[in-house]
Amino acid sequence: MPVPSGLRVDGIAELADLDLWLALTEPGLSRLNMMASQEGHANPAQRRIAGRMRLGGFARYESGARLGVAALTVPPGLARSDRPLEVAVHAYGPGGAALAGHLAKRAAVWDGLGRPGADSLGLAAYPAGTRPGALEGRMIICRPNTVLVAGWATPV
């Protein structure tokens, strides 16, 4: 059963901004991508899952061996519509309902922050071993030769 977020977006691009914001700001989430469906190599089961999770989804493992998977969705057939799309979060797995409810609440936070998206995302790269300052609200990605810091400016 989908969990309504109470939000409407103007299209898939704005939904993708919410998806990006959740991926970068929610600790403990793993990002799921459904690449095989786009390459034509997916088997029927993979295509069925990818059809339900058009932007991919999120997974979170909770104590007690509860895996939850959730995906942002809009009503089928309306993705190419000119009218605002109602966002819901679909849940999968034993921990899916709790995760979907949490992400639906976080969508309201994203809305309250002015819907930050890819166009306002800041990205800085530093040499490996660097300890950049002022990292509150930022995601740090450490690679062998680089430290990447991604995030949005904090509203005043």
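These remarks concern the structure in this document. Since this is a predicted model, take the numbers as computed values, not measurements.

1. A closer look at the overall build of the protein
Each helix and strand in the protein was counted, giving four helices and eight strands. When the helices and strands of the protein are listed from N to C terminus, the series reads β-α-β-α-α-β-β-β-α-β-β-β. Counting contacts in the protein only where the partners sit at least 6 residues apart, residues at least 24 apart contribute 61% of the total. If you sum the accessible surface of the protein, you get close to 9,500 Å²; carbon and sulfur atoms cover 55% of it.

2. Regarding the pairing of strand β3 (residues 57-62)
One ladder, built from three bridges, connects strand β2 (residues 30-32) with β3; its direction is antiparallel. Residue pairing across strands places S30 opposite A59, the latter belonging to β3. Of the pairings in the sheet, the one linking β3 to strand β4 (residues 66-73) comprises five bridges and is antiparallel in character. Bridge pairing in β4 links F58 to A70.

3. A few points about the sheet that holds β3
The strand order across the open sheet built from five strands is β1-β5-β4-β3-β2, with neighbouring strands paired in antiparallel fashion. Each having just a single partner strand, β1 (3-9) and β2 make up the two edges of the open sheet. Between one strand and the next, the sheet's axes are offset by a mean angle of 25°, whatever the strand orientation. Packing against the sheet, helix α1 (residues 12-25) makes contact with β1, β2, β3, β4 and β5 (85-92), and its axis sits at approximately 150° to β4. The sheet strands contacting helix α4 (residues 96-112) are β1, β3, β4 and β5, and the helix crosses β1 at an angle near 30°.

4. Re the environment of A150
Within the fold, A150 resides in strand β8 (residues 146-151). Spatially, the C-alpha atom of A150 lies 4.5 Å from that of L123, the residues being 27 residues apart in sequence. Those residues in contact with A150, other than ones at most four positions away along the chain, are L24, L121, G122, L123, R138 and M139.

5. With respect to the packing of α1 against α4
For the pair α1 and α4, interaxial distance at closest approach is 10 Å and the crossing angle is 105°. Taken together, α1 and α4 sit at an angle that is classed as roughly perpendicular. Where α1 abuts α4, its residues E14, D17, L18, W21, L22 and T25 lie against L103, R106, A107, V109 and W110. Here the contact of α1 with α4 is built from residues that sort into seven nonpolar, one polar and three charged.

Reading guide: rules and limits
- Residues numbered from 1 in each chain as written.
- Predicted model: local features only at pLDDT ≥ 70, side-chain atom pairs only at ≥ 80, totals over all residues.
- Heavy atoms only, no water.
- Helix = DSSP H or I, 4+ residues; strand = E, 2+ residues; numbered from the N terminus.
- Contact = heavy atoms within 4.5 Å.
- Areas by Shrake-Rupley, 256 points an atom, 1.4 Å probe, with all protein chains shown as cover.
- Pairing = 2+ DSSP bridges.
- Axes fitted to C-alpha atoms, helices over the stretch in contact; angles between N-to-C directions.
- Parallel < 35°, antiparallel > 145°, perpendicular 65-115°, else oblique.
- Nonpolar A, V, L, I, M, F, W, Y, C, P; charged D, E, K, R; others polar.

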